[in-house]
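One-letter residues, chain by chain:
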Amino acid sequence: MFRFIALLCLVHVSFGTIIRGRVLVNGNANIVDTVPSGSRLIIRLEGTSIANASSMVIKQTEISNIVAFPFYYQIRISTNISSALSYSLSALIKKGDILVYVNQQPIHVKIGTESLITIDIPVMFIGENRALQPLLNNVQQSSWPELVGREGTYAVQYIKEKTGFTDVFIVLEGSLVTLDYRTDRVRVFVNTKGVVIQTPYIG
């Protein structure tokens, strides 16, 4: 029995963890929709320090010449990643430098001892003709997980200074917001104490 358990541990260490799932329109597996010819799907796993530090891309995979939803993705990661990081998935579909679909919020991933994690990622259509404004503005980040736990007013000023955006504002948790996607806007969600409770991102 001990040998069997040891063998399982060795297999896990050797092969790491696989994260896989589907990319779905609005999170609905029943929606079958095509994407513009020549589009590509980009999936990123990002890690964020609990302390004040920028997010980092742990693993990225890209699937070219995708055709129709739902799309299936898979990322294999090493088991020796830091336990001091929190992790999230993001998905975007681009045709050249044009953003066509994107997930509205990072999908949090709990990485432990599991060898297989299955997570579906919902994305929304934002229009084939909408350019990536952050690239045009030389914005280096599209999300700021390092601001979670900071004062909301500080986060707003920080993002404005980093991006040059004017449409950066505080939203109290539980408030209703519009579902449109904008490349020059950042909402900063805070609790009743004015503390940032989730990663601010462009959208």
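Residues numbered from 1 in each chain as written. Predicted model: local features only at pLDDT ≥ 70, side-chain atom pairs only at ≥ 80, totals over all residues. Heavy atoms only, no water.

Would you explain the overall build of the protein in this entry?
Scanning the protein from N- to C-terminus turns up 3 helices and 12 strands. Across the 203 residues in the protein, those meeting the buried criterion constitute 40%. Here the analysis covers contacts within the protein between residues at least 6 apart in sequence; of these, 62% occur between residues at least 24 apart. (Helix = DSSP H or I, 4+ residues; strand = E, 2+ residues; numbered from the N terminus. Buried < 20%, exposed > 50% of the residue type's maximum accessible area, 1.4 Å probe, protein only. Contact = heavy atoms within 4.5 Å.)

So what exactly am I meant to see when it comes to the sheet that holds strand E12 (residues 201-202) here?
Pairing between the strands of a sheet comes from backbone hydrogen bonds, and it takes one of two forms, parallel or antiparallel. The 3 strands lie next to each other as E10-E11-E12, forming an open sheet whose pairing is mixed. The strands lining the two open edges of the sheet, one partner per strand, are strand E10 (167-172) and E12. As paired strands, strand E11 (residues 185-190) and E12 are joined by 2 bridges and run antiparallel to one another. Following the sheet pairing, Arg 187 is matched in E12 by Tyr 201. Sheet strands in contact with helix H3 (residues 152-163) are E10 and E11, and its direction is about 160° off that of E10. (Pairing = 2+ DSSP bridges. Axes fitted to C-alpha atoms, helices over the stretch in contact; angles between N-to-C directions.)

Explanation requested: the pairing of E11 in the structure shown.
Successive side chains on a regular strand alternate, one facing one side of the sheet and the next facing the other. Most of E11 sits out of view: 6 of its 6 residues are buried. Neither face of E11 is left uncovered, since the one carrying Arg 185, Arg 187 and Phe 189 and the one carrying Val 186, Val 188 and Val 190 both have all their residues buried. Where E10 and E11 come together, 6 bridges link them in parallel fashion. Across the sheet, Val 171 pairs through a bridge with Phe 189, a residue of E11.

How should the confidence of the model for the protein be read in this particular structure?
Low pLDDT marks regions whose predicted coordinates should not be analysed in detail. With 78% of its residues at a pLDDT of at least 70, the protein reaches an overall mean of 79. When mean pLDDT is compared element by element in the protein, strand E8 (residues 116-118) scores highest at 93, while helix H1 (residues 2-15) scores lowest at 42. Every residue in residues 2-14 is under pLDDT 50, and counting partners more than four places away or in other chains gives 8 contacts. Under a pLDDT of 50 for its full length, residues 128-137 has, in the predicted model, 21 contacts with residues more than four places off or in other chains. (pLDDT = per-residue confidence, 0-100.)

In this structure, what is going on with the nonpolar core? I would like to understand it.
Within soluble globular proteins, side chains that are nonpolar generally end up buried alongside one another. Core analysis: the largest hydrophobic core is formed by 26 residues, its most contacted members being Ile 43, Phe 69 and Leu 89. Only strand E1 (17-25), strand E2 (40-49), strand E4 (71-77), strand E5 (85-95), strand E6 (98-102), strand E7 (107-109) and strand E9 (121-125) provide two or more residues apiece to this core. Looking at this core, the element that brings in the most residues is E5, giving 5 residues. Once residues within four sequence positions are removed from consideration, Ile 43 is found in contact with Val 23, Lys 59, Gln 60, Thr 61, Tyr 73, Ile 75, Leu 89, Ser 90, Ala 91 and Ile 121. Among the nonpolar cores identified, the runner-up in size contains 13 residues, and Val 156, Phe 165, Val 188 and Val 190 belong to it. (Core = buried A, V, L, I, M, F, W, Y, C linked by side-chain atoms within 4.5 Å.)

What should I look at first to understand the side chain of Ser 39 in this one?
Among the secondary structure elements, Ser 39 is positioned in the loop between E1 and E2. When near neighbours in sequence (up to four residues on either side) are disregarded, Ser 39 contacts Ile 63, Ser 64, Asn 65, Ile 66, Ile 93, Lys 94 and Lys 95.

It is not clear to me how the environment of Val 100 should be interpreted in this structure. Could you clarify?
The residue Val 100 is located in strand E6 in this model. The class for Val 100 is buried, based on a relative accessible area of 0%. It is 8.4 Å that separates the C-alpha atoms of Val 100 and Met 124, two residues lying 24 residues apart in sequence.

Just to check I follow, could you spell out the pattern of salt bridges for this structure?
Here the idea is simple: oppositely charged side chains can pair when their charged atoms come close. In total, this model carries 2 salt bridges according to the counting rule given. With its nearest N and O atoms 2.6 Å apart, the salt bridge here joins Asp 120 to Arg 22. With Asp 120 in the loop between E8 and E9 and Arg 22 in strand E1, the pair connects residues that are 98 residues apart, well separated along the chain. For Asp 120, a relative accessible area of 30% puts it in the partly exposed group. (Salt bridge = Lys/Arg side-chain N within 4 Å of Asp/Glu carboxyl O.)

Would you mind going over H3 with me for this structure?
Every α-helical turn comprises 3.6 residues, leaving residues that sit three or four positions apart pointing alike. The end-to-end C-alpha separation of H3 is 16 Å, in line with the 16 Å expected for 12 residues at 1.5 Å each. The secondary structure elements touched by the buried residues of H3 are E10 and E11. (Expected span 1.5 Å × (residues − 1).)

Would you explain the packing of aromatic side chains in this entry?
The tally for this structure, following the rule as stated, stands at 4 aromatic pairs. A ring pair is formed by Phe 69 and Phe 71, whose centres lie 4.5 Å apart and whose planes are at 50°; its orientation type is tilted. Through a chain of ring-to-ring contacts, the aromatic side chains of Phe 69, Phe 71, Tyr 101 and Phe 125 assemble into a single cluster. The cationic tip of Arg 150 hangs over the ring face of Tyr 154; the distance from NZ or CZ to the ring centre is 4.2 Å. (Phe/Tyr/Trp six-rings, centres within 6.5 Å; stacked < 30°, edge-to-face > 60°. Lys NZ or Arg CZ within 6 Å of the ring centre and 35° of its normal.)

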